[in-house]
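Overview (structure and organization)
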Amino acid sequence: AQKVTQAQTEISVVEKEDVTLDCVYETRDTTYYLFWYKQPPSGELVFLIRRNSFDEQNEISGRYSWNFQKSTSSFNFTITASQVVDSAVYFCALSEAPFITGGGNKLTFGTGTQLKVEL
Amino acid sequence: DTGVSQNPRHKITKRGQNVTFRCDPISEHNRLYWYRQTLGQGPEFLTYFQNEAQLEKSRLLSDRFSAERPKGSFSTLEIQRTEQGDSAMYLCASSLSAGTSGNTIYFGEGSWLTVV
């Protein structure tokens, strides 16, 4: 069974601080995808990144960066110089790799981390 | 360029009534998903379609729940004889099918259901 753990329920930072959101996952699959989504108060889940289990390169996109470490089954997300607009709930998610299993690419989500960025 | 569209966005219903939610996926996406999210939790998978075929259903989807995607485009999720435990946000999502480079699932804004 797949499982995603986001141990940080809520994080509060002051604007311009850097913040890291932790994600630890469990899967028996050798190939899988990892995702991060942002959920603002409006409710829509906004896609941020998808990472294939074959690709352990870290990625940077503007103020966002992701650190994928297969050895520790972690996929952490860092926001540099946080802004008030970053305030939201962030979800880490895991899916099987349909190229291999031929199955659906349904997502298993963590419970989310509420990020509050204050002035 | 439109994303995933859901309606109604909010629904308040009395226990025992039936409710139906509609989802319009991104136009070229052949996969469509339904998820349920309760307060303080991550979304949980309910079911998914590839074109008009419903390929997988979660054990969370009791027999009071039925989803359809009659022409492989929009989908409806009906809940019969609603119970207070059905109160949640119902999220629809869509994606291209497996084996393509578009294996990213895009979500709509959700439909909030409150059963009183």
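Scroll up to find the structure this text is about.
Residues numbered from 1 in each chain as written. Chains lettered and ligands numbered in written order. Predicted model: local features only at pLDDT ≥ 70, side-chain atom pairs only at ≥ 80, totals over all residues. Heavy atoms only, no water.

On to the pairing of strand E8 (residues 64-69) of chain A. Residues and elements named next belong to chain A. In this structure, strand E7 (residues 59-61) lies alongside E8, joined through three bridges in antiparallel fashion. Paired with serine 61 across the bridge in E8 is tyrosine 64. In this structure, the hairpin formed by E7 and E8 is closed by a connection of two residues, where glycine 62 is found at a positive phi of approximately 60 degrees. Relative to strand E9 (residues 74-79), E8 is paired through six bridges, and the arrangement is antiparallel. Following the sheet pairing, phenylalanine 68 is matched in E9 by phenylalanine 75. Counted between consecutive antiparallel strands, the loop separating E8 from E9 contains four residues, among which serine 73 sits at a positive phi close to 50 degrees. (Pairing = 2+ DSSP bridges. Helix = DSSP H or I, 4+ residues; strand = E, 2+ residues; numbered from the N terminus.)

Enumeration according to the criterion identifies nine salt bridges over all chains in this entry. The partner of arginine 9 of chain B in a salt bridge is glutamate 109 of chain B, and the shortest N-O contact between them spans 3.1 Å. With arginine 9 of chain B in the loop between strand E1 (5-7) and strand E2 (10-13) and glutamate 109 of chain B in the loop between strand E10 (106-107) and strand E11 (111-115), the pair connects residues that are 100 residues apart, well separated along the chain. The exposure class assigned to arginine 9 of chain B is partly exposed, which follows from its relative accessible area of 26%. A single network of salt bridges, built from pairs that share partners, joins Arg51, Asp55 and Glu59 of chain A. (Salt bridge = Lys/Arg side-chain N within 4 Å of Asp/Glu carboxyl O. Buried < 20%, exposed > 50% of the residue type's maximum accessible area, 1.4 Å probe, protein only.)

Here we come to the nonpolar core. Across soluble globular proteins, nonpolar side chains have a tendency to be buried as a group. In terms of nonpolar packing, the biggest core is built from 24 residues, with Trp36, Trp66, Phe77, Tyr90 and Leu115 of chain A touching the most fellow members. Elements that contribute at least two residues to this core include exactly strand E2 (10-14), strand E3 (19-21), strand E5 (32-39), strand E6 (46-52), E8, E9, strand E10 (88-96) and strand E12 (113-118) of chain A. Ranked by residues supplied to this core, first place goes to E10 of chain A with four residues. Ranked by size, the runner-up nonpolar core spans 19 residues in total, among them Leu32, Leu77, Tyr90 and Leu113 of chain B. (Core = buried A, V, L, I, M, F, W, Y, C linked by side-chain atoms within 4.5 Å.)

Moving on to the layout of surface pockets. Roughly 440 Å³ of volume is contained in the largest pocket. Lining the largest pocket are 23 residues, and of these Gln39, Val89, Phe91 and Gln114 of chain A together with Gly40 of chain B sit closest to its centre. Mapped by element, the contributors of at least two residues to the lining of the largest pocket are E10 and E12 of chain A. Tallying contributions element by element places E10 of chain A first for the lining of the largest pocket, with three residues. Residue classes in the lining of the largest pocket are distributed as nine nonpolar, 13 polar and one charged. Of the volumes computed, that of the second largest pocket is approximately 380 Å³. (1 Å grid on protein atoms, 1.4 Å probe; cavity = no way out; pocket = protein on both sides within 12 Å on 5 of 7 lines; lining within 4 Å. Points joined across faces, edges and corners; volume = space filled by probe spheres on them. Nonpolar A, V, L, I, M, F, W, Y, C, P; charged D, E, K, R; others polar.)

On to the sheet that holds strand E8 (residues 75-79) of chain B. Residue and element names in this part refer to chain B. On the basis of which strands lie adjacent, the open sheet formed by four strands has the order E1-E3-E8-E7 and antiparallel pairing. Bordering the open sheet on either side are E1 and strand E7 (65-68), each of which pairs with just one other strand. Adjacent strand axes in the sheet meet at a mean angle of 15 degrees, parallel and antiparallel pairs treated alike. Taken together, the five bridges between strand E3 (residues 19-24) and E8 define a ladder with antiparallel strand orientation. By the bridge assignment, phenylalanine 21 is partnered in E8 with leucine 77. (Axes fitted to C-alpha atoms, helices over the stretch in contact; angles between N-to-C directions.)

Turning our attention to unusual backbone geometry. The peptide bond linking asparagine 7 of chain B to proline 8 of chain B adopts the cis configuration, its omega dihedral lying at -5 degrees. Here proline 8 of chain B lies in the loop between E1 and E2.

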